[in-house]
Amino acid sequence: MESATGSGSAGDCEGEEQEDSSSSSHQSVQETSNALNNLNLNDVNKDVEDELTVFRRQWKKELESTPSAQHESRSLVKKEVKKEEPLNEEDKAKQLFLRGVELERSRKLYEAIQHYKRALQILPDVERRLYNDSDLRDDTPEEESVIVESIQGALAVESDDEDAVEGEDLLTRLQRILARKGQLCEPEYPTKGGHISWLPYEVLQLVLRWVVGADLDAASLERAGAACRGLLVAARAPELWRCVCVRTWGIECGTPRAHGYTNWRHMYVERVRLNLHGCYISKTTYLRHGENSFQDHLYRPWYLIDYYRYLRFFPEGLVLMYTTAEEPAACVGHLKYRDTKNNPGIVSGHYRLVGDTVVILIKKASNEKKLSQASNTRFRARRKELHEQHEQVFQMELQVRSVRRRRNWQLVWRRYAVSTRRDQWSAFELAPSKFPPFAFSAVRAYTADSSAPLLCSSA
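About the thresholds
Residues numbered from 1 in each chain as written. Predicted model: local features only at pLDDT ≥ 70, side-chain atom pairs only at ≥ 80, totals over all residues. Heavy atoms only, no water. Core = buried A, V, L, I, M, F, W, Y, C linked by side-chain atoms within 4.5 Å. Buried < 20%, exposed > 50% of the residue type's maximum accessible area, 1.4 Å probe, protein only. Contact = heavy atoms within 4.5 Å. UniProt positions renumbered as here; feature names shortened; annotations may be inferred. Helix = DSSP H or I, 4+ residues; strand = E, 2+ residues; numbered from the N terminus. Pairing = 2+ DSSP bridges.

The biggest cluster of nonpolar side chains holds 46 residues, and the ones touching the most others in it are Leu274, Leu311, Phe313, Ile360 and Leu411. Sequence-distant contacts of Leu311, that is, excluding residues within four places in its chain, are made with Cys279, Tyr280, Val319, Leu320, Met321, Ile360, Leu398, Leu411 and Phe438. Core analysis: the next-biggest nonpolar cluster, separate from the first, contains 14 residues, Tyr310, Phe314, Tyr322 and Val443 among them.

This part is about the UniProt feature "repeat: TPR" (unreviewed entry) in the chain. In this structure's numbering, the residues bearing the UniProt feature "repeat: TPR" (unreviewed entry) are residues 93-126. For residues 93-126, the end-to-end C-alpha separation is 7 Å, with 82% helix and 0% strand making up the annotated structure.

Glancing now at the pairing of strand β7 (residues 406-421). Pairing of strand β6 (residues 392-403) with β7 involves 10 bridges; the strand directions are antiparallel. Along β7, the bridge assignment pairs Met396 with Tyr416. Alignment of β7 against strand β9 (residues 438-442), held across 2 bridges, turns out to be antiparallel. The residue bridging Leu411 from the neighbouring strand is Phe438, located in β9. Sheet topology places β7 next to strand β8 (residues 424-427); 4 bridges connect them, and they run antiparallel. The residue of β8 that forms the bridge with Arg421 is Gln424.

The next point concerns the environment of Glu429. The residue Glu429 is located in the loop between β8 and β9 in this model. Assessed through its relative accessible area of 70%, Glu429 is described here as exposed. Along the primary structure Glu429 and Tyr416 are separated by 13 residues, whereas in three dimensions their C-alpha atoms are 8.0 Å apart.

Structure representation (structure tokens):
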């Protein structure tokens, strides 16, 4: 029994020693593995840290070497700060307007109009402020340079005169350029149909005579000459302007050199004349006493009376006068035609321009004369005397003046007399309040069409 127990105890001791040795060896393995792991992690961390430091150094060098990037970073920081700050009304309006511009570029016109309206309601002059902003100006320098280059290129193409002389007249220079090209004008874009450049010079002159017309619409001739340099040369033809001057001042108008002018057109522009593409209007205002009321004798009304005088001149010496209380917009159309049968209030007469004074003579028959013509024809001699007594003759003398840059724009009263009998004239006192000057007003309807071309007799 003892031997058995002894052997058992010995076996237990050996097992315990084996377990201790195995556990110690396992601990040593774990320690070594942990140490290796720590070494590997430290090495990896050091490598990562080294790479980060190198990247940071390179990034800082790039930022220092490129100022634009630094400027952009600062602008981004500023924009972020601005976003954080509350926007005022001006900034809101600018943002709305710029948003409208973006929508308009993307073909969303309805939304763009809504943004424009909201921006203008907040700040009416938002567009001007955006234009004056330096940031907006710096955004589009390339577009402006392209526009300037295109304009310069067009000017370079147009100015193909190598023999330009300093101080030379524009008309002479254009004539030399067109003579070198061999044609008056050419189409800017290719056309499938006919073009005005196909017409001969003589036919083009006839077209320009119709542009001026029998009513001497020189303003339309100037607008036609502004279309291109070929039409400018054709519209400055001396024969055209000579006919205009003869129709304006008569066959005895003289020559431009005799009056100190360079050419016929210069004479027409600078010399005193009457404007024919409209009418002269004078408005008279006065107070008139009313009658006392039969109920209240202390009440006495006053009336403010307004009426207008209209004068329309024609090239052949005819003048129309119309006195009415209607506004100009309602009655200037009645003076378009020479025939006045449809409107008995309009009277016709004749005028003549002497220097800067226009003399007008108008005859007006009274209503009694018309009644006598319809009655019995007995006692014709006696009725003839009555007719002569009731016929009124108006004689007016007006001075033509220019107001600021408007040539021949005003007619000032110089004399006004009325004759109801032979050699008996009654002159009016020309007070400024009763006879204010006439002011010219252009009427488009007078020159909308042309009934006949410009004609003139040989001098």
